[in-house]
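# Examining the three-dimensional arrangement
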Amino acid sequence: IASGEFAPADASATWSAADNLYVSAATFAGFLGRLLAGSLPPDVETDRRTIQFDMTQMFCGRPAFAEVCPKAIGFGLSGIIFQYENDTVLWQGGGDKGEKAIALYVPEKNLALVIFTNGVNGARLFSPIASVFYDNPDYIEFLRIQGEQG
């Protein structure tokens, strides 16, 4: 909340697969660690890394993102997939009133990163933090642009 007041949890009476996941950074990092360790059957892992709904044209047609566009981008089974020349980013993100979070998994680099922030402008922290761990200028620029847009 912009005023700096505490924002209570927004418990919903109905379920949603894409909203209101309450988890600690450590728990979510552990989940990603298990994915890195190869806990999924090979056919499921292949499906998870496959774009199920392509958004490349829609995404790359936006002026803000055109120059940092991956080869392909779209929804996969576990979030948004960014397919670059040499690696793939499996991404999830979200936020509500005063918190923002992302999780990214780059199988080719054996890299998983979870960033939770507590602040209205928390998304602005994603790019500088991710750049320490992941050397992909286009993806880092995507995070920077996204952070500026709120």
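Placed above this text is the structure.
My aim in this report is to walk through the structure given alongside it, one point at a time. Since the model is a prediction, treat every value here as computed from it, not as a measurement.

## Some thoughts on the packing of aromatic side chains
The relation between two aromatic rings is expressed through the spacing of the ring centres and the mutual angle of the planes. For the coordinates displayed, the defined rule picks out twelve aromatic pairs. Here Phe 59 and Phe 82 contribute two aromatic rings whose centre-to-centre distance is 6.3 Å and whose plane-to-plane angle is 90°, an arrangement assigned as edge-to-face. A residue pair is termed long-range when its members are at least 10 positions apart, and Phe 59 in helix α3 (residues 56-60) and Phe 82 in strand β3 (residues 79-83) qualify at 23 residues. The residues Phe 59 and Phe 82 share a single accessibility class, namely buried. Between Phe 65 and Phe 142, the ring centres sit 5.4 Å apart and the planes meet at 45°, which makes this aromatic pair tilted. Taken together, the residues span a long stretch of sequence, with Phe 65 in the loop between α3 and β2 (72-76) and Phe 142 in helix α5 (residues 137-149) at a distance of 77 residues. Ring pairing ties together the aromatic residues Phe 59, Phe 65, Phe 82, Tyr 84, Trp 91, Tyr 134, Tyr 139 and Phe 142, which thus form one cluster.

## Some points on the side chain of Asp 87
Looking at the secondary structure, you find Asp 87 in the loop between β3 and β4 (88-95). Beyond its immediate sequence surroundings of up to four residues, Asp 87 is in contact with Phe 82, Val 106, Glu 108, Lys 109, Tyr 134 and Asn 136.

## Here we look at the environment of Lys 109
Of note, Lys 109 is situated in the loop between β5 (99-106) and β6 (111-118). We classify Lys 109 as partly exposed; its relative accessible area is 48%. Sequence spacing of Lys 109 and Leu 36 is 73 residues, and the spatial spacing of their C-alpha atoms is 9.8 Å. With sequence-adjacent residues up to four places away left out, Lys 109 is seen in contact with Asp 87 and Tyr 134.

## Let's talk about unusual backbone geometry
In this structure, Asn 110 is a non-glycine residue whose phi angle is positive, near 55°. Secondary-structure assignment places Asn 110 in the loop between β5 and β6. When its relative accessible area of 53% is taken as the criterion, Asn 110 is described as exposed.

## Remarks on α5
With 13 residues, α5 ought to run about 18 Å at 1.5 Å a step, and its terminal C-alpha atoms sit 18 Å apart, in line with that. Of the residues making up α5, those classed as buried are Tyr 139, Ile 140, Phe 142, Leu 143, Ile 145 and Gly 147. Buried residues in α5 make contact with α3, β3, β4, β5 and α4 (126-133).

## As for α4
Residues Phe 126, Ser 127 and Ala 130 constitute the buried set of α4. One face of α4 carries all of its buried residues, which in axial projection span an arc of 85°.

## Things to note about the side chain of Thr 117
Mapping Thr 117 onto the fold places it in strand β6. Residue class for Thr 117 comes out buried when judged on its relative accessible area of 11%. Not counting the four nearest positions on each side in its chain, Thr 117 is found in contact with Gly 98, Glu 99, Lys 100, Gly 122, Ala 123, Leu 125 and Phe 126.

Each value, and the rule that gives it
Residues numbered from 1 in each chain as written. Predicted model: local features only at pLDDT ≥ 70, side-chain atom pairs only at ≥ 80, totals over all residues. Heavy atoms only, no water. Phe/Tyr/Trp six-rings, centres within 6.5 Å; stacked < 30°, edge-to-face > 60°. Helix = DSSP H or I, 4+ residues; strand = E, 2+ residues; numbered from the N terminus. Buried < 20%, exposed > 50% of the residue type's maximum accessible area, 1.4 Å probe, protein only. Contact = heavy atoms within 4.5 Å. Expected span 1.5 Å × (residues − 1). Arc of directions from axis to C-beta.

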